[in-house]
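Observations on the model geometry
The residues making up each chain are set out below.
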Amino acid sequence: MAGVTISLVFSENGIIEKAKEAKEVTKNTSIEEQAQLIVLAARLENSNLEPDKFISSIENCLTDDFEFDGINTIIHKDTGKEFIISKMYNVSDIKEIKTADELKNIIPNGNYRLMNDIDLSGEEWEPLPSFTGTFDGNNHSISGMTINQPEAYNMGLFLELNGGVVKNLALTNVNLTAYRNVGAITSSMTNGAVVENCFTSGNFDIFAYGGGITSVLLNDSIIRNCYTTCNFNVETEGGLWASTGGIASYSAWGNSEGFIENCYSTSIINGKGYYVGGIMGYNEYQDNIKNCYALNTSISGKGTGRIVSNTAGENNYANKDMTLNGETVTSTDTNSSNGADITTEEAKTQIQYETKSNWKFDENGPWTFNYTNMKVEEGTNLPILKSFVTVMQNPKI
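Being a predicted model, the structure only gives us computed values, none of them experimental.

Attention now goes to the confidence of the model for the protein. Put simply, the protein has an average pLDDT of 87, and 86% of its residues get 70 or more. Contacts of residues 47–51 to residues separated by more than four positions or lying in other chains number 3 contacts, the stretch itself having pLDDT below 50. Taken together, the stretch residues 87–91 has pLDDT below 50 and engages in 18 contacts with residues farther than four places along the chain or on a different chain.

The 5 strands lie next to each other as 10-12-15-20-24, forming an open sheet whose pairing is parallel. Of all the strands in the sheet, the pair left with one neighbour each is strand 10 (161–162) and strand 24 (280–283). Pairing of strand 10 with strand 12 (residues 186–190), which is carried by 2 bridges, proceeds in the parallel orientation. Residue pairing for strand 12: asparagine 162 is matched across the bridge by threonine 190.

Core analysis: the biggest nonpolar cluster contains 60 residues, and Phe135, Val195, Ile223 and Ile260 have the highest contact counts within it. For this core, the leading source of residues is strand 11 (residues 165–183), giving 7 residues. Leaving out residues up to four positions away in the same chain, isoleucine 260 has contacts with Leu217, Ile223, Ile247, Ala248, Ile279, Met280, Asn288, Ile289, Lys290 and Cys292. If you look at the next biggest cluster of nonpolar residues, it comprises 21 residues, including Ala170, Ala347, Met374 and Leu382.

Residue position: isoleucine 74 is located in strand 2 (residues 73–76). Taking the C-alpha atoms as reference points, isoleucine 74 and glutamine 36, 38 residues apart in sequence, are found 10.0 Å from one another.

Attention now moves to the environment of glycine 281. Relative to the helices and strands, glycine 281 is located in strand 24. Residues glycine 281 and glycine 210, spaced 71 residues apart in sequence, show a C-alpha to C-alpha distance of 8.4 Å. When sequence neighbours within four positions are dropped, the list of residues in contact with glycine 281 reads Ser243, Thr244, Gly245, Ala248, Ser249, Tyr275, Val276, Val308, Ser309 and Asn310.

Here we take up the pattern of salt bridges. Inspection of the entire model under this criterion finds 8 salt bridges. Between glutamate 96 and lysine 98 there is a salt bridge whose closest N-O contact spans 3.8 Å. By relative accessible area, which is 42% here, glutamate 96 ends up partly exposed. The partner of glutamate 314 in a salt bridge is lysine 290, and the shortest N-O contact between them spans 3.9 Å. On the criterion of sequence distance, the pair formed by glutamate 314 in the loop between strand 27 (298–305) and strand 28 (317–319) and lysine 290 in strand 25 (residues 289–290) is long-range, its members being 24 residues apart.

What follows deals with the packing of aromatic side chains. For the coordinates displayed, the defined rule picks out 27 aromatic pairs. Between tyrosine 274 and tyrosine 275, the ring centres sit 5.8 Å apart and the planes meet at 50°, which makes this aromatic pair tilted. A relative accessible area of 30% means that tyrosine 274 is categorised as partly exposed. Residue class for tyrosine 275 comes out partly exposed when judged on its relative accessible area of 22%. Here a set of aromatic residues connected by ring pairs shows up, and it is made of Phe199, Tyr227, Tyr264, Tyr293, Tyr317, Tyr353, Trp359, Phe361, Trp367, Phe369 and Phe388.

A few words on the side chain of asparagine 283. Within the fold, asparagine 283 resides in strand 24. Within polar-contact distance, the side chain of asparagine 283 engages the side chain of threonine 311 at 3.3 Å.

Right, let's talk about unusual backbone geometry for a bit. Positioned with a positive phi, tyrosine 209 is a non-glycine residue whose angle comes to about 60°. Structurally, tyrosine 209 can be placed in strand 14 (residues 199–211). Classification of tyrosine 209 by relative accessible area gives buried; the value is 9%. Notably, asparagine 225 is not glycine yet its phi reads approximately 55°, a positive angle. Inspection of the secondary structure assignment puts asparagine 225 in the loop between strand 16 (222–224) and strand 17 (227–228). Take asparagine 225: its relative accessible area is 17%, and that puts it in the buried class.

What follows is about helix 7 (residues 350–357). Along helix 7, the residues classified as buried are Gln352, Tyr353 and Ser357. Viewed along the axis of helix 7, the buried residues span an arc of 90°, placing them on a single side of the element. Of the residues in helix 7, the exposed ones pointing more than 90 degrees away from the buried face are Ile351 and Thr355. Summarising the contacts, the buried residues of helix 7 are in contact with strand 26 (293–294), strand 28, strand 31 (340–342) and helix 6 (344–347). Downstream of helix 7 by one or two residues, asparagine 358 has phi in the positive range, about 60°.

Thresholds, definitions, all that
- Here the residue index of a chain counts from 1 through its sequence in written order.
- With the structure being a predicted model, the display of local features is reserved for residues of pLDDT at least 70 and the display and counting of side-chain atom pairs for 80 or more, all residues being used for whole-chain, interface and lining totals.
- Values reported for side chains reflect all heavy atoms of the structure, with hydrogen atoms and water molecules removed beforehand.
- Confidence of the predictor at the level of single residues is captured by pLDDT, which takes values from 0 to 100.
- By definition, residues are in contact when any of their heavy atoms lie within 4.5 Å.
- A pair of strands counts as paired when DSSP detects no fewer than two bridges linking them.
- The numbering of helices and of strands both runs from the N terminus, where a helix is a DSSP run of H or I of at least 4 residues and a strand a run of E of at least 2.
- Only buried residues count toward a nonpolar core. Its members are Ala, Val, Leu, Ile, Met, Phe, Trp, Tyr and Cys residues joined through side-chain atoms within 4.5 Å.
- Residue exposure (1.4 Å probe, protein chains only): buried if accessible area is under 20% of the type maximum, exposed if over 50%, otherwise partly exposed.
- For this document, the term salt bridge refers to a Lys or Arg side-chain nitrogen within 4 Å of an Asp or Glu carboxyl oxygen.
- Between the rings of Phe, Tyr and Trp (Trp by its six-membered ring), a pair exists once the centres lie within 6.5 Å; its type follows the angle of the planes, with under 30 degrees stacked, over 60 edge-to-face, and the other angles tilted.
- Whenever a nitrogen or oxygen atom comes within 3.5 Å of another N or O atom, the pair is scored as a polar contact, on the condition that within protein one atom can donate a hydrogen and the other can accept it, and that pairs from neighbouring residues in sequence are kept only if both atoms are in side chains.
- This arc is built from the directions going out from the helix axis to the C-beta atoms.

Structure, rendered in structure tokens:
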């Protein structure tokens, strides 16, 4: 099988069957070819490309020389070389990003790892093209991203995540002035896009449709284990839609919903138009916001909700002192658009998230309340992402 490429595996009669024996192919192929064959064998086991089953298939097809991170990366144990599963079966090498210029020149289907913090202050940012690859922030930050285009649509670090993955990234001190469909990481997540283990901070000044991670969230895309402290000024007035949320603007008008799980927001959202929520602005679906916390202090607009302006979620909580248009609301229903009340003191305790929402604080989980050896501002009192040891975090209620 030496010299076999993915294209040859698919095009030559009979060779596709040999891919099923990838677990036994260890001596006569390169590391790259072994990785390709493992992923191809997993694809053959799961021809419908269902994500959960595909992950199980990858694990079943691993050789003793490889391990799988459970998300989208295969690692060769001896060399540490990593291969990202792109489009569920293609494999490609990871390219390192060390400078702002390298960041600006990434290609839409590439796979990247950020090697150090990057400061974008002092320049106007143009969103990166629609992205289908994987961007691993590697627990570094991109700070100072500024967009000042009051009439522009579809603004963010990325124009769109079209099945792409962004993980382990801190996007801090953003300053975004735009018209509509504005998110810190991306304006839109579609076709199974993933954002996980990320946090954002900064300020939005927009006309409508903003979210601390993304604006649009559709078609089986998911945001998980993220938080945002971004604040919003939304200019929409009267009967127009503001549709703004701390994590995402809306999930609607697509083939299927997008999901938000194990996330929180402390965003202050000042709006005058319709559909504003602590986690999501407008949601056309049911139960796709799960185990989330709206820890915002103030939200204003027409048709507001502590979690989402409309529809129901699943097991969500909200700051009982939050004001909606200057008034507090009370709820004990974790599945309602307002979530269940949580006190400020409860929000500061690990037991709340761990026992009520199954957030992971163990050695394999992403969250921690242990600020020792972490870079945090004084007054920080909420869960933080423990992998960001050198990046300042300051979530507080």
